[in-house]
Structure formats: structure tokens, C-alpha cells
Amino acid sequence: MIGLAGASAQGDAPARKRRSASRPWLSFLLRRLAGFAAVLATLVVVTFGMVQLIPGDPAQALAGVNATDQQVGLLRSELGLDRPLAARFGSYVTGLLHGDLGTSFQTREPVADVIAARMPFTAELALLAIVVVLAVAVPLGMAVAVATRGGRRRRLDAAFTFCTGLVGATPEYVLGTLLVLVFAIKLGALPAAGAGSVPALVLPVVAVALPTTCVLARIVRREAAVVFGQDYMRVARGRRLPALTLYTRHALPNLLTGTLTMGGLMLAGLLGGTVIVESVFAWPGMGTRVVEAILNRDYPVIQGTVLVLGILATLLNTLVDVLLGLLDPRTLTGRSPS
């Protein structure tokens with residue numbers, strides 16, 4: 001009987017695997033929903049806790065240096081800052097569950113309205129930067145990999161590695177400042193700040209996109225070098241296929257899997273770089289508003305902005321995972337393709 005039960009259990013295992021494999025998208029969706037819930041819970045705790053670490057008293061900053069202790073105390077009570085920490089956290093979570101991000105200490109506007117007014121400018125900058133990164137990094141990395149295949153053109157390879165490493169390691173705000181000095185102040189070719197025109201977009205987009213483009217191009221070049229050494233690529237070259245067919249039909253789909261895996265994390269981090277660069281170019285997005293909120297200790301605006309940006313970064317990573325699943329369904333199982 002024990003032998004029959006063991007055989008039955010062994011027979012059921014392949015059946016369970018087949019049923020799981022037949023529904024990869026359902027399994028992927030369930031994992032993503034669980035992961036999103038965990039990330040959301042972490043963001044709620046982090047966004048509430050981090051503002052408590054900002055030095056200074058929001059009520060004192062809002063009342064001004066000439067305010068009396070009684071005035072500051074009344075303002076603290078009005079803002080709810082005199083309540084216990086646990087009670088404030090409970091109110092914060094309850095508000096989020098009802099779709100309420102809170103009210104700005106400084107302007108008394110709903111935080112949702114502040115984000116709705118500023119986020120389109122940040123989204124415009126970030127989306128354009130993502131398009132530039134993908135449009136430049138992938139062709140550039142592939143072109144260098146093709147040109148240096150088999151150890152050829154070592155000087156080109158060394159120059160590419162040095163330049164992309166240098167620019168990729170440069171912080172966005174430093175790069176933005178240099179771009180303003182050269183193209184806005186020295187050459188006068190582009191505006192240094194503001195929004196509402198195409199020329200005003202150029203410098204901020206370049207400052208945000210260039211470091212990520214360089215790093216992603218290095219990843220594409222490395223992945224392409226690995227793909228070019230595979231046996232199927234040698235067979236394709238032996239058949240003397242046209243270069244365009246060889247590299248776009250046979251090489252590109254195979255190198256995109258590893259590239260998108262790393263690129264998804266980098267593109268999500270690009271949102272943070274966008275917020276930082278906005279302050280350099282006086283771009284009227286969330287970046288300048290967050291800086292003002294930090295200086296004025298406007299807790300609800302800081303919390304709401306970080307929470308929304310975190311959710312957007314998570315959704316962007318999920319979109320990348322969907323693209324990976326479409327390119328290679330084996331990634332839907334949560335295991336690396338063998």
C-alpha cells in the first residue's frame with residue numbers, strides 16, 4: 001500500500017508541473033500581486049518613518065522664527081503633530097485606504113492635487129528620457145560589439161569602456177550643471193531653465209538620460225559579445241546571412257532578455273534622477289516641489305510624492321517583466337532560462 005501511495009504521489013508530481021506550466025501568466029500575475037502588496041506595505045512604513053527623521057519642527061518652520069511658544073503649540077495641535085506616533089501612523093494608513101494622501105502643511109492643498117499638478121511635467125521628462133535611453137543604448141552597444149567582435153579594434157573598445165564608465169558614474173545633477181555651463185551660458189544655444197518649449201526639454205532630458213544610456217550600452221555590449229559567441233550565431237554567419245538579418249533577427253532577441261532584466265532596474269531608478277535634475281533646471285515638476293517640502297518640513301507632500309514615485313517604479317518593473325515574458329516565456333516561471 002505504501003508503495004502504491006508513493007507511486008501515485010510520484011505520478012501526480014509531473015501532472016502538477018504540467019498544470020502549473022500551462023498557466024504561466026496566472027502564476028506570474030499572482031506572484032506580481034503578492035510582490036506589489038509587499039512593496040506597497042514597505043513604502044507606507046518607509047514614507048511615514050523617514051519624515052520623522054527630518055530634523056526640525058514643522059510647526060516652528062511654518063509659524064516663523066518670531067512665533068511664540070503658544071502659537072507654535074496651537075499649530076502643532078492643528079497639524080496633529082502633538083498626537084502619539086502610533087496614532088499618527090494609524091491616521092496615515094486610514095487616509096491612504098480612503099485614497100487620501102493628506103493635506104500640505106504649507107499651502108493647505110490636498111497632496112493629491114499637488115501631485116496631479118506637478119506629475120505631468122515629471123512624467124514628460126522621465127518618459128522622454130526612457131525613450132532616449134532605449135533608442136540610443138541598444139544600437140550603440142550592439143554597434144560597438146559588432147565592431148569589436150573577435151578582439152578587433154581594441155582602441156575603440158577601450159575608448160568606449162572609458163567614456164561610458166566615466167559618464168555613467170557622473171551624478172545627474174553634476175552633469176546637468178555642466179550642460180548648463182556649456183550649452184546655456186557659454187554657447188547660449190539652449191535655455192538653462194523653464195518649461196513649455198521643445199528647446200527647454202533638451203538639456204534636462206540629456207542630463208537624465210545620458211548616465212543611464214552609457215551604463216545600459218555597456219550591458220548591451222557585454223550581452224551582445226556573449227550572444228555572438230554562441231554556436232547558432234556561428235552557423236548563421238556560415239550561411240552568409242545579410243548583416244541586418246543576422247544581428248536584428250538572430251542576435252537582438254536573445255540579448256534583450258538579459259539587457260531588459262538589468263535595464264528595468266535602471267529605468268526605475270531613472271525616476272529618482274529625474275526628480276533631482278528638475279531642481280537644476282527649475283523644471284516645474286515634482287522635484288522642485290519636493291525640495292521645497294523638505295526645506296519647509298512639509299511631511300504630507302514628502303510622503304505622498306515618495307509613495308507615488310515608488311508605485312510608479314514598481315509598475316515600470318512589472319512592465320519590463322511582462323516584456324520579458326513576451327520575449328521569453330520561460331521567464332514567467334520565475335526561474336532563469338537554462
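Computed from a prediction, not measured in an experiment: that's the story for all the values here.

Reading the values: rules and limits
Residues numbered from 1 in each chain as written. Predicted model: local features only at pLDDT ≥ 70, side-chain atom pairs only at ≥ 80, totals over all residues. Heavy atoms only, no water. Buried < 20%, exposed > 50% of the residue type's maximum accessible area, 1.4 Å probe, protein only. Helix = DSSP H or I, 4+ residues; strand = E, 2+ residues; numbered from the N terminus. UniProt positions renumbered as here; feature names shortened; annotations may be inferred. Contact = heavy atoms within 4.5 Å. Phe/Tyr/Trp six-rings, centres within 6.5 Å; stacked < 30°, edge-to-face > 60°. pLDDT = per-residue confidence, 0-100. Salt bridge = Lys/Arg side-chain N within 4 Å of Asp/Glu carboxyl O. Axes fitted to C-alpha atoms, helices over the stretch in contact; angles between N-to-C directions. Parallel < 35°, antiparallel > 145°, perpendicular 65-115°, else oblique. Left-handed = near helix turned anticlockwise from the far one by under 90°. Nonpolar A, V, L, I, M, F, W, Y, C, P; charged D, E, K, R; others polar.

1. Side note on helix α12 (residues 286-295)
Of the residues making up α12, those classed as buried are Met-286, Gly-287, Thr-288, Arg-289, Val-290 and Ala-293. Of the residues one or two after α12, Arg-297 is the one with positive phi, at around 55°.

2. Here we look at the UniProt feature "transmembrane region" (unreviewed entry) in the protein
Within this structure's numbering, the places UniProt gives as "transmembrane region" (unreviewed entry) are residues 33-54, 125-147, 159-185, 197-220, 255-281 and 301-327. For residues 125-147, helix accounts for 100% and strand for 0%, while the C-alpha atoms at its two ends are 33 Å apart. Taken as a whole, residues 159-185 contains 89% helix and 0% strand, while its terminal C-alpha atoms sit 29 Å from one another.

3. As for the side chain of Gln-303
Its place among the elements puts Gln-303 in helix α13 (residues 299-327). Contact partners of Gln-303, with chain neighbours within four places excluded, come to Thr-47, Phe-48, Val-51 and Tyr-92.

4. Notes on the packing of aromatic side chains
If you walk through the whole model with that rule in mind, you get four aromatic pairs. Measuring from centroid to centroid gives 6.0 Å for Phe-105 and Tyr-299, while their planes differ by 50°, and the two rings are tilted. Of the two residues, Phe-105 is situated in the loop between α5 (85-97) and α6 (111-147) and Tyr-299 in helix α13; the sequence distance between them amounts to 194 residues. Residues Phe-105 and Tyr-299 agree in their burial class; the two are buried. Three or more aromatic residues link up through ring pairs in this structure, and these residues are Phe-48, Phe-89 and Tyr-92.

5. Details of the confidence of the model for the protein
Do not read the predicted coordinates in detail wherever pLDDT is low. The share of residues in the protein with pLDDT of 70 or more is 88%, and the mean pLDDT across the chain is 80. Across the protein, the secondary-structure element scoring lowest on mean pLDDT is helix α1 (residues 2-22), at 50, and the one scoring highest is helix α7 (residues 154-168), at 90.

6. Section: the pattern of salt bridges
Across all of its chains, the model carries five salt bridges by this definition. With a closest N to O distance of 3.1 Å, Arg-221 and Asp-157 form a salt bridge. Note that Arg-221 is positioned in helix α9 (residues 198-228) and Asp-157 in helix α7, a separation of 64 residues in sequence. Residue class for Arg-221 comes out buried when judged on its relative accessible area of 16%. Taking the relative accessible area as the measure of exposure, Asp-157 reaches 22% and is therefore partly exposed. In this structure, Glu-292 and Arg-289 form a salt bridge, with 3.8 Å as the shortest nitrogen-oxygen distance. Residue Glu-292 and its partner Arg-289 are located together in helix α12, separated by three residues, close to a single helical turn. Residue Glu-292 is classed as partly exposed on the basis of its relative accessible area of 35%.

7. Quick word on unusual backbone geometry
A positive phi angle, close to 65°, is found at Arg-108, a residue other than glycine. Tracing the backbone through its elements, the reader meets Arg-108 in the loop between α5 and α6. On the basis of relative accessibility, which here comes to 41%, the residue Arg-108 falls in the partly exposed class. The backbone phi angle of Arg-297 is positive, close to 55°, even though this residue is not glycine.

8. With respect to the packing of α7 against α9
Interhelical geometry of α7 versus α9 gives an angle of 140° and a closest axis separation of 8 Å. Of the possible angle classes, the one that applies to α7 and α9 is oblique. By crossing handedness, the relation of α7 to α9 is classed as left-handed. Only Leu-210, Pro-211, Cys-214, Val-215, Ala-217, Arg-218 and Arg-221 of α9 make contact with α7, whose side of the interface consists of Asp-157, Phe-160, Thr-161, Thr-164, Gly-165, Val-167 and Gly-168. Classifying every residue of the contact of α7 with α9 by side-chain character gives seven nonpolar, four polar and three charged.

9. Here we look at the packing of α6 against α12
The contact between α6 and α12 brings their axes to 8 Å, and the two run at 135°. Our classification of the angle between α6 and α12 gives oblique. Residues Val-114, Ile-115, Arg-118, Met-119 and Thr-122 of α6 form the contact with α12, whose own contacting residues are Met-286, Gly-287, Thr-288, Arg-289 and Glu-292. Of the residues in the contact of α6 with α12, the class split is four nonpolar, three polar and three charged.

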